[in-house]
Amino acid sequence: MLVPLTTEETDALIIEKTLPERVWARVPMTAKRLWILERGENKVTFVLITENHRSLRLSQIMHPTGMSAKSVREAPTHLLRDHRLRRWRIW
């Protein structure tokens, strides 16, 4: 899933290790990867690994991909292929 967040929401994710409730409400329970699109930069900068709406791991993308979205939607399949090995684990 591709999840657009503000820079402030992204910072809160890094510190608090969770997403805002309004975001979880739009994400299916079966989602395993949430690609975080920072609206201020219009780039996919993080990937969050989840299980049943629990945040398990957060990784930062080394070479962010430019993209735009206004709401939560299916992520393009090329994100996993392009960034499988090019990310830093945050927690």
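Here, every reference points to the structure presented above.
Below is a summary of the structure that appears in this document. Please read all numbers here as calculations on a predicted model, not as lab measurements.

Each value, and the rule that gives it
- Residues numbered from 1 in each chain as written.
- Predicted model: local features only at pLDDT ≥ 70, side-chain atom pairs only at ≥ 80, totals over all residues.
- Heavy atoms only, no water.
- Helix = DSSP H or I, 4+ residues; strand = E, 2+ residues; numbered from the N terminus.
- Rg over C-alpha atoms; globule rule 2.2 N^0.38 Å.
- Contact = heavy atoms within 4.5 Å.
- Areas by Shrake-Rupley, 256 points an atom, 1.4 Å probe, with all protein chains shown as cover.
- Buried < 20%, exposed > 50% of the residue type's maximum accessible area, 1.4 Å probe, protein only.
- Patch = residues over 30% accessible without salt bridge, like charges linked within 9 Å, V, L, I, M, F, W, Y side chains within 5 Å.
- Salt bridge = Lys/Arg side-chain N within 4 Å of Asp/Glu carboxyl O.
- Lys, Arg positive; Asp, Glu negative; His and termini not counted.
- Charge placed at Lys NZ, Arg CZ, Asp CG, Glu CD.
- Arc of directions from axis to C-beta.
- Core = buried A, V, L, I, M, F, W, Y, C linked by side-chain atoms within 4.5 Å.

1. Structural notes on the overall build of the chain
Here comes step 1: On a plain count of helices and strands, the chain comes out with three helices and five strands.
Here comes step 2: In the chain, the succession of α and β elements from N to C terminus is β-α-α-β-β-β-α-β.
Here comes step 3: In terms of C-alpha radius of gyration, the chain reaches 12 Å, essentially the compact-globule figure of 12 Å for 91 residues.
Here comes step 4: By principal-axis analysis of the C-alpha atoms, the chain measures approximately 30 × 25 × 25 Å.
Here comes step 5: Counting only contacts in the chain whose residues sit at least 6 apart along the sequence, the fraction spanning at least 24 positions is 57%.
Here comes step 6: Counting only carbon and sulfur atoms, one obtains 50% of the accessible surface of the chain, whose full area is about 5500 Å².

2. A closer look at the environment of L79
Here comes step 1: Note on placement: L79 falls in helix α3 (residues 78-83).
Here comes step 2: Taking relative accessible area as the criterion, L79 reaches 0% and is therefore assigned buried.
Here comes step 3: With 32 residues separating them in the primary sequence, L79 and V47 have C-alpha atoms 9.7 Å apart.
Here comes step 4: For L79, the residues in contact, after removing those within four places along its chain, are L2, W35, V44, T65 and M67.

3. Comments concerning a positive patch on the surface
Here comes step 1: A surface patch of positive charge is lined by K32, R33, R57, R84 and R89.
Here comes step 2: You can see R33 is positioned in strand β2 (residues 33-38).

4. Things to note about helix α1 (residues 7-16)
Every α-helical turn comprises 3.6 residues, leaving residues that sit three or four positions apart pointing alike.
Here comes step 1: Along α1, the residues classified as buried are E9, T10 and L13. Around the axis of α1, the buried residues are gathered within 100 degrees of arc, so they sit on the same side. Exposed and oriented more than 90 degrees from the buried face of α1 are E8, I15 and E16.
Here comes step 2: Residues of α1 that are buried in the fold lie against β1 (2-5), α2 (21-24), β2, β3 (43-51) and β4 (54-66).
Here comes step 3: Note on α1: the residue one or two positions beyond its end, K17, has a positive phi of about 60 degrees.

5. Remarks on the nonpolar core
Side chains of a nonpolar character, in soluble globular proteins, are inclined to be buried together.
Here comes step 1: If you look at the biggest cluster of nonpolar residues, it comprises 16 residues, and the most contacted ones within it are V3, L13, L19, V27, L34, I36 and L48.
Here comes step 2: Where this core is concerned, the elements lending two or more residues are β1, α2, β2 and β3.
Here comes step 3: Non-local contacts of L34, meaning those with residues more than four positions away in its chain, are made with M1, V3, L19, W24, V27, F46, V47, L48 and T50.
Here comes step 4: Residues V47, M67, A69 and A75 belong to the second largest nonpolar core, which totals eleven residues.

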